Amino acid sequence: MPRRTRTIHAVVIALMAAASALWSPRSALAQQKNDEEYTKQIKQFLRDPRISTELVDHLPASNTVPTPLKHFGHIIGAWGILDKSDDMNRYLAAIAKAAPGRAKYWTIGKSEEGRDMSVLVIGNEETIRNLDKYKGYLAALTDPRKTTEEQAATIVKSAKPIYWITSGMHSPEKGGPEMLMELAYRLVVEETPFIQQIRNNVITMITPVVETDGREKMVDNYYYNKKRGTGEGQLPLMYWGKYVQHDNNRDGMGQFLALTRNIEKFGLEWHPTLLHDLHEAQTLLYASTGTGPYNEQLDAITINEWWYLAENDVMEMTKRGVPGVWTYGFYDGWVPNYMFFVAHAHNAIGRFYEVQGYGPDTSTVRITQSREWFRPNPTPPVIAWGPRNNTNIQESAILFALSRFGKDKELFLDNYWKKNQRAVQKGKDGPVYAWVIPATQRRKADAADAVNELLDQGLEFHTATSAFKAGNVDVKPGDYIVRGDQPYRTVADIYFSIQRYATGNPSPYDDTGWTFQYMRDLIITPISDKTLLTQAMTPVKAHVTAPGGVTGSGPVIVVEHTGDNNLITFRYKLKDVKMAAAED
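Residues numbered from 1 in each chain as written. Predicted model: local features only at pLDDT ≥ 70, side-chain atom pairs only at ≥ 80, totals over all residues. Heavy atoms only, no water.

Engineer: An account of the side chain of glutamate 173 is needed here, citing residue identities and associated values.
Structural biologist: Here glutamate 173 is to be found in the loop between strand 3 (162-166) and helix 9 (175-189). Look at glutamate 173: it is buried, it has no salt bridge, and the nearest opposite charge is arginine 250 at 8.6 Å. One polar contact links glutamate 173 to histidine 279, side chain to side chain, over a distance of 3.0 Å. (Helix = DSSP H or I, 4+ residues; strand = E, 2+ residues; numbered from the N terminus. Buried < 20%, exposed > 50% of the residue type's maximum accessible area, 1.4 Å probe, protein only. Lys, Arg positive; Asp, Glu negative; His and termini not counted. Salt bridge = Lys/Arg side-chain N within 4 Å of Asp/Glu carboxyl O. Polar contact = N/O pair within 3.5 Å; in protein donor to acceptor, adjacent residues only side chain to side chain.)

In structure tokens form, the structure reads like this:
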């Protein structure tokens, strides 16, 4: 070989070697070291080696981003230690500050007692740099009235889905918020091909504590009891949030709590593709699908997505020998009052985990669990349990879910588009084209309150600009109209439907009655006359006020007792005014 040719050949080989090193999926991994002390303590605090995967048996080191050990003074899953929500928020903010190219930290609202709810957004550098662009893509896929089929097909190939993880709603369920601290660090720092694929393809959002008031009380309660001597008894956790304990996860429809309203408002702004809520009430990890009957107003695509994701989690965990991961045999999917149903009502995916408790003290789990088609690797009869077990099992499962979401991002984005498209088309095809709520009905103040609450949940309203007849319904000027040809008609379908729970079904997991007009004693009439859609109407842009006023003259004002909730408000605001009730 001539000298010049040998030189060129050597240069080519060198360039190929450099390119290979640059693009090899193991090159970054080979360069990245583990945090030796953190990794050592993972093994130290894990009480059963079966409750682990290759994803969580180590923690990568970083020269810039603080580990949970550095920030909190302990690893996640250390025994006998709990952290408060404010400190967790400070840690997420510290991650975003140390890695601004891969994470952003925001607060999304206050609790009743003034504590911050937060979200950490994680993606690769290109994603974080162009967050507003990806936000716009999801908004476009939400509204088929503005986006064409051709535009949607292009967006699906360019957009990235949002996977929003929430936890800490039920204050005694301690592990989810702790685990999310480590997950946030891992997603930002780790350079394995597995994690890179998630960062490149998914916008991960983490809200570690939903019930921030209750988290503070729970942690204080734990440490108070820890100091009490043997035989002194334990002080129960009497209060969680300011108003509600376990049923704060039954506020998805009424939305009386700040935590629900904050989640709803942020969701309506960002259009997350999936909302995943973490709980602790089953052994060892349950991925939600439900036994049915499923809520009849949900798009069938959503139900298939539940199963697709749950079976992915069970398969990936089971093939690694992790016991006690299952689906199906808990909960049903019928009642829409849970917080994660705010995703379903807006044509996204809602799901949840139930995990064996965090502790934070160690325990021994003794249970007899049968092997079933939905539980191929049941929990052993006796298993040593602790906080690190809890961290490992749910962090691993979520990572497998995020990975699947990233690999199939176009599938989930296209599904989201189609669900919105089908909702709009449903309003064009009937049989229900709209709903009319008379503005001057007897309980007109409650009717206005209902309209305002549903406006806050994303449902669009119009008011009739003139009188017309729709079928056998006389519509008056000012009456409220919910058009059926809107993406979020699913909200109306769910809330205004009449429940007919078949007696042959097992007892439902929760209450079965929620029909809006029955619960609130309002007139809400479905319209089966398509001509309503062509009538003159004006969009409602802000909260409405019930029509009213004082008529006539004289020294006495008579207020009709309509049963409106506002009558109580009226009485208390005018507490010093003498009032009497007519006996006849």
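Picking up where we left off.
Engineer: Just give me the short version of the environment of histidine 58, but keep the residues and values in it.
Structural biologist: Considering the arrangement of structural elements, one finds histidine 58 in the loop between helix 3 (36-45) and helix 4 (68-72). Look at histidine 58 and you get buried, because its relative accessible area is 12%. Separated by 87 residues in the primary sequence, histidine 58 and arginine 145 have C-alpha atoms spaced 48 Å apart. Every residue in contact with histidine 58, bar those within four places of it in the chain, is listed here: Asn34, Thr39, Ile42, Arg186 and Glu190. Engagement of the side chain of histidine 58 in a polar contact is seen with the side chain of aspartate 57, the distance being 2.8 Å. Here glutamate 190 takes part through its side chain, which lies 3.1 Å from a polar atom of the side chain of histidine 58. (Contact = heavy atoms within 4.5 Å.)

Engineer: Describe the environment of isoleucine 303, listing the residues and the values that go with them.
Structural biologist: As for its position among the elements, isoleucine 303 is in helix 13 (residues 300-318). Along the primary structure isoleucine 303 and lysine 33 are separated by 270 residues, whereas in three dimensions their C-alpha atoms are 41 Å apart.

Engineer: Can you break down unusual backbone geometry residue by residue, with the values?
Structural biologist: The residue after threonine 283, namely leucine 284, is reached through a cis peptide bond having omega -15 degrees. Structurally, the position occupied by leucine 284 is in the loop between strand 5 (274-279) and strand 6 (285-287). The step from glycine 292 to proline 293 runs through a cis peptide bond, and the omega angle for that step is 5 degrees. Along the chain, proline 293 turns up in the loop between strand 6 and helix 13. Unlike most non-glycine residues, asparagine 347 shows phi in positive territory, near 65 degrees. Its place among the elements puts asparagine 347 in the loop between helix 14 (341-344) and strand 8 (349-355).

Engineer: A description of the side chain of threonine 515 should follow, citing residues and the corresponding values.
Structural biologist: Residue placement: threonine 515 occurs in the loop between helix 18 (489-496) and helix 19 (516-520). The buried category is assigned to threonine 515, whose relative accessible area is 3%. Within the structure, the side chain of threonine 515 is placed 3.1 Å from the side chain of glutamine 499, a separation counted as a polar contact. For threonine 515, the residues in contact, after removing those within four places along its chain, are Tyr495, Phe496, Ser497, Ile498 and Gln499.

Engineer: Run through the pattern of salt bridges, naming residues and quoting values.
Structural biologist: Here the structure, examined in full by the defined rule, presents 39 salt bridges. Between lysine 157 and glutamate 410 there is a salt bridge, and its shortest N-O distance comes to 3.9 Å. In this pair, lysine 157 is assigned in helix 8 (residues 149-158) and glutamate 410 in helix 16 (residues 409-429), connecting sequence segments 253 residues apart. Arginine 215 serves as the salt-bridge partner of glutamate 178, at 2.8 Å between the closest nitrogen and oxygen. Of the two residues, glutamate 178 is situated in helix 9 and arginine 215 in helix 11 (residues 212-227); the sequence distance between them amounts to 37 residues. Salt bridges here are not isolated pairs; linked through shared partners, they connect Glu182, Arg186, Glu190, Arg388 and Glu395.

Engineer: Please set out the sheet that holds strand 15 (residues 480-483) residue by residue, giving values where relevant.
Structural biologist: With antiparallel pairing, the 5 strands of this open sheet are ordered in space as 16-11-15-12-17. Of all strands in the sheet, those with a lone pairing partner are strand 16 (525-527) and strand 17 (537-539), marking the two edges. Adjacent strand axes in the sheet meet at a mean angle of 30 degrees, parallel and antiparallel pairs treated alike. (Pairing = 2+ DSSP bridges. Axes fitted to C-alpha atoms, helices over the stretch in contact; angles between N-to-C directions.)

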